[in-house]
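Chain by chain, the residues:
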Amino acid sequence: MSKEASTPTRYAVHSADRLKLLMERTGTGEPVTSRELAEKAGVAHGTIGALMNGQQRTVPEPKAKAIAAALGIDLLVLFVPMERAGRVFIPAQVAV
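This section reports on the structure supplied with the text. Only a predicted model underlies this, so the values are computations on that prediction, with no experimental measurement involved. (Residues numbered from 1 in each chain as written. Predicted model: local features only at pLDDT ≥ 70, side-chain atom pairs only at ≥ 80, totals over all residues. Heavy atoms only, no water.)

**Overview of the sheet that holds strand 3 (residues 79–81)**
Here comes step 1: The strand order 2-1-3 describes an open sheet built from three strands, whose pairing is antiparallel. Since the sheet does not close on itself, it has two edges, and those belong to strand 2 (58–60) and strand 3, each with one partner. Within the sheet, the average angular offset between the axes of one strand and its neighbour, ignoring direction, is 35 degrees.
Here comes step 2: In this fold helix 5 (residues 61–71) packs onto strand 1 (10–13), strand 2 and strand 3, with an angle of close to 100 degrees to the strand it touches most, strand 2. (Pairing = 2+ DSSP bridges. Helix = DSSP H or I, 4+ residues; strand = E, 2+ residues; numbered from the N terminus. Axes fitted to C-alpha atoms, helices over the stretch in contact; angles between N-to-C directions. Contact = heavy atoms within 4.5 Å.)

Dropping the structure here:
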């Protein structure tokens, strides 16, 4: 098995503003804090904070799926896969 096949796809957050908006009103309609989201998703609080303030743009697929699930949303509402047809795609940050 090649290294490329074992490396998970990375996902870029559409925008920090979209993440903040989705945290204010999750799929259940209830707001969630960054600490609560980190705990529910099983990721470091620093990861959520970095995504919120734009210091970090990407996470591996398992983390992206966990964050989306903790928010009660579909993965592609918040994240964009960075690898399509063997090319890396990094979306521009746009406001929601």
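**Some points on the pattern of salt bridges**
Here comes step 1: This structure, assessed with the given rule, holds one salt bridge.
Here comes step 2: Across the salt bridge formed by Glu61 and Lys65, the nearest N and O atoms sit 3.1 Å from each other. With Glu61 and Lys65 both in helix 5, this residue pair falls four residues apart, about one helical turn.
Here comes step 3: The exposure class assigned to Lys65 is partly exposed, which follows from its relative accessible area of 45%. (Salt bridge = Lys/Arg side-chain N within 4 Å of Asp/Glu carboxyl O. Buried < 20%, exposed > 50% of the residue type's maximum accessible area, 1.4 Å probe, protein only.)

**Quick notes on the nonpolar core**
Here comes step 1: Formed by 22 residues in total, the largest nonpolar core has its most connected members in Leu19, Leu37, Ile67, Leu71, Leu78 and Phe79.
Here comes step 2: Looking at this core, the elements with two or more residues in it are strand 1, helix 2 (16–24), helix 3 (34–41), helix 4 (45–53), helix 5 and helix 6 (75–78).
Here comes step 3: For this core, the element with the most residues is helix 5, which contributes five residues.
Here comes step 4: The contacts of Ile67, once residues within four sequence positions are left out, are Leu37, Ala41, Val43, Ile48, Leu51, Leu78 and Phe79. (Core = buried A, V, L, I, M, F, W, Y, C linked by side-chain atoms within 4.5 Å.)

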